[in-house]
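Chain and residue survey
Residue-level listing of the chains:
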Amino acid sequence: MTKEKGSFEVKVGLAEMLKGGVIMDVTTAEQAKIAEDAGAVAVMALERIPSDIRKAGGVSRMTDPVIIQQIKKTVSIPVMAKCRIGHFAEAQILEAMGIDFIDESEVLTPADEANHIEKRSFNAPFVCGCRNLGEALRRIGEGAAMIRTKGEAGTGNVVEAVRHMRSVMNSIRHLKTLRKDELMTVSKDLQAPYELVLKTAEMGELPVPNFAAGGVATPADASLMMQLGAQSVFVGSGIFKSSNPAVMAKAIVEAVTHYHDPDVLLRISTGLGTAMEGIEISQLSDSERLQERGW
Amino acid sequence: MRLVSYPIPKDSRNAAGKISKVEQAQKINRLIGILAVQGDYSCHGKIVQHLGLNVRWIKTPGDLVGCSALILPGGESTTMTLLLKKYGLIKPLKDFALSNPVMGTCAGAIMLAKNVYDTRVEPLGIMDITVCRNAYGSQVESFITDLLLPFNGSSVPIKAVFIRAPKIQVESPAIQVLAEYENVPVIVRQDKALALAFHPELTGDDRIHRYFFQQVAGISINT
């Protein structure tokens, strides 16, 4: 009987299990415990959360494995970690640690300005950010098993995640209206692999799970992203930069399950304390816009 | 490979979230509840809809009204435990599953067990099995394999996807072991309850769901 590890089905399978959930950024074992107890479906182990990375400046790299190991020991839910765009050696280290999902992330300083990681040859699954359908399908072409919007991480401002999710969903709706003989032109225009354009048109959704990330700070933000078509939500700085992280974490989890139910959203949004301080996107210089990293 | 031919499932309610009287009249015994607090419920929904049955996402206790069978999907069992408690679903699901057909895959199978080797999970206790969560290791140990389904009278194996999979331990003669992998039970049945350690909903092969509806639940489906 054959037993195959690291196949695309097995990678996408874990992404499917994380649907309808919240993936939270954590920097310590204590935070990981708060996230798990709040109902997070996975945690992202980081040295610093994105808003602090923004403030610190300099080169931001893969988290020290010792921090990731502590977090792995503390929780039973899957643990994700970030590597730099194009830095396949960091990814190899994360895979050797038995990390459950690798985020090839624009939040860290890119290691390669031209090439993303060739992700098919890894056993660990990858998630990658995108701003539009073309970028999503290029990453899936390289082997990504999950796509998330880039949004603008560490800002607490959901506007960019909305822009990116609307762009992806709008393009998919458009694809579904086209004749098959029009899809090669779409492939050319999107700069996306033709076979994946065909598959997306046939399925009417991305060929891998499609999550939201980059600026989600409140239960209402989470509901907004789910209603726009996200299948799960990543929350980075939004939880541990709020005035009451445990309460905010639980509220966002509940908002993702009941994203369609305004009565529930009203109840959980009431008296939450202060959300993280946000940044207006126009105040960021071009070099501060993390979403421009990668292509 | 993900499902390519099945449409995205829709909850059988109208846009306002109300269950119409017509639906209640026409779709009796054709309504399948799928627990939708978290997990790969949409994958189950696609197959259920493909087999000609109606889908009801279960997020609150009231959603169970009118359903004739229940599916507990894959996901994270610790997260599910927290959410079921929070949403007041433990007792309603337990009561429903004790008197109606139920199928659980992976985390769903864990929730059906009497015992789980992890205090963070509080299972519903429907089947006489003990489950060890995440028994094969982290995601890099997840795998896909060919699995024969002798109970189904078919010589064509199914592609069985094991994702951070649990191991099932049989605790009473009431449990029927329908399939094993490496001498560990991976499909078990107890009367109208069916538990699987893997994910038949991920591959688009509908044979397990057909077996569940026809042989376990006694619900007729599209052939």
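From a predicted model like this one, the values you see are computed outputs, not experimental measurements.

**Considering the side chain of S172 of chain B**
Residue and element names in this part refer to chain B. Turning to its location among the elements, S172 is positioned in the loop between β9 (167-170) and β10 (176-181). Under the relative-accessibility criterion, S172 is labelled buried at 16%. Within polar-contact distance, the side chain of S172 engages the backbone nitrogen of A174 at 3.0 Å.

**Examining the sheet that holds strand β3 (residues 42-45) of chain A**
Sheets are built from strands that pair by backbone hydrogen bonding, the pairs being arranged parallel or antiparallel. All names here are of chain A. Within the open sheet, the eight strands sit side by side as β8-β7-β6-β5-β4-β3-β2-β9. Their pairing is parallel. If you trace the sheet from one side to the other, it starts and ends with β8 (210-211) and β9 (233-235), each paired once. Here strand β2 (residues 22-26) pairs with β3 via four bridges, running parallel. Counted as the bridge partner of D25 is M44 from β3. Sitting on the sheet, helix α4 (residues 65-74) is in contact with β2, β3 and β4 (79-84), with an inclination near 165° to β4.

**A few points about the sheet that holds strand β7 (residues 143-147) of chain B**
Read from one edge of the open sheet, three strands run β1(A)-β7(B)-β8(B), paired in antiparallel fashion. In this open sheet, the two edge strands, each paired with only one partner strand, are β1 (3-5) of chain A together with β8 (158-162) of chain B. Averaged over all pairs of adjacent strands, the angle between their axes in this sheet comes to 25°, without regard to strand direction. When β7 of chain B meets β8 of chain B, the two strands line up antiparallel, connected through five bridges. Note on β8 of chain B: the bridge partner recorded for T145 of chain B is A160 of chain B. Contacts from helix α1 (residues 8-17) of chain A reach β1 of chain A together with β7 and β8 of chain B within the one sheet, and its direction differs from that of β7 of chain B by about 115°.

**Thoughts on helix α9 (residues 194-203) of chain A**
All names here are of chain A. Along α9, the residues that are buried comprise L196, V197, L198, T200, A201 and M203. On the buried face of α9, the contacting elements are α6 (133-142), α7 (159-176) and α8 (183-190). Phi for G204, located one or two positions after α9, is positive at around 75°.

**Quick word on the interface of chain A and chain B**
Of the residues lining the interface, 53 residues belong to chain A; the matching set on chain B comes to 46 residues. Interface area, chain A with chain B, both sides summed: about 3,800 Å², of which 54% is carbon and sulfur. E254 of chain A is the salt-bridge partner of K86 of chain B, the closest N and O atoms lying 3.6 Å from each other. Between chain A and chain B we count 19 residue pairs in polar contact (both at pLDDT 80 or more) in total. At the level of elements, β1, α1, α2 (29-38), α4, α9 and α12 (245-257) of chain A are the ones that each hand at least two residues to the side of chain A that touches chain B. Top contributing element to the side of chain A that touches chain B by residue count: α1 of chain A, with eight residues.

**Here's the deal with the environment of L137 of chain A**
Residue and element names in this part refer to chain A. Here L137 lies in helix α6. You can call L137 buried: its relative accessible area is 0%. Between the C-alpha atoms of L137 and I147, which are 10 residues apart in sequence, the distance is 9.0 Å. With residues up to four places along the chain from it excluded, the contact list for L137 reads A192, P193, L196, V197, T200, L206 and P207.

Reading the values: rules and limits
- Residues numbered from 1 in each chain as written.
- Chains lettered and ligands numbered in written order.
- Predicted model: local features only at pLDDT ≥ 70, side-chain atom pairs only at ≥ 80, totals over all residues.
- Heavy atoms only, no water.
- Helix = DSSP H or I, 4+ residues; strand = E, 2+ residues; numbered from the N terminus.
- Buried < 20%, exposed > 50% of the residue type's maximum accessible area, 1.4 Å probe, protein only.
- Polar contact = N/O pair within 3.5 Å; in protein donor to acceptor, adjacent residues only side chain to side chain.
- Pairing = 2+ DSSP bridges.
- Contact = heavy atoms within 4.5 Å.
- Axes fitted to C-alpha atoms, helices over the stretch in contact; angles between N-to-C directions.
- Buried area = accessible area lost by both parts, 1.4 Å probe.
- Salt bridge = Lys/Arg side-chain N within 4 Å of Asp/Glu carboxyl O.

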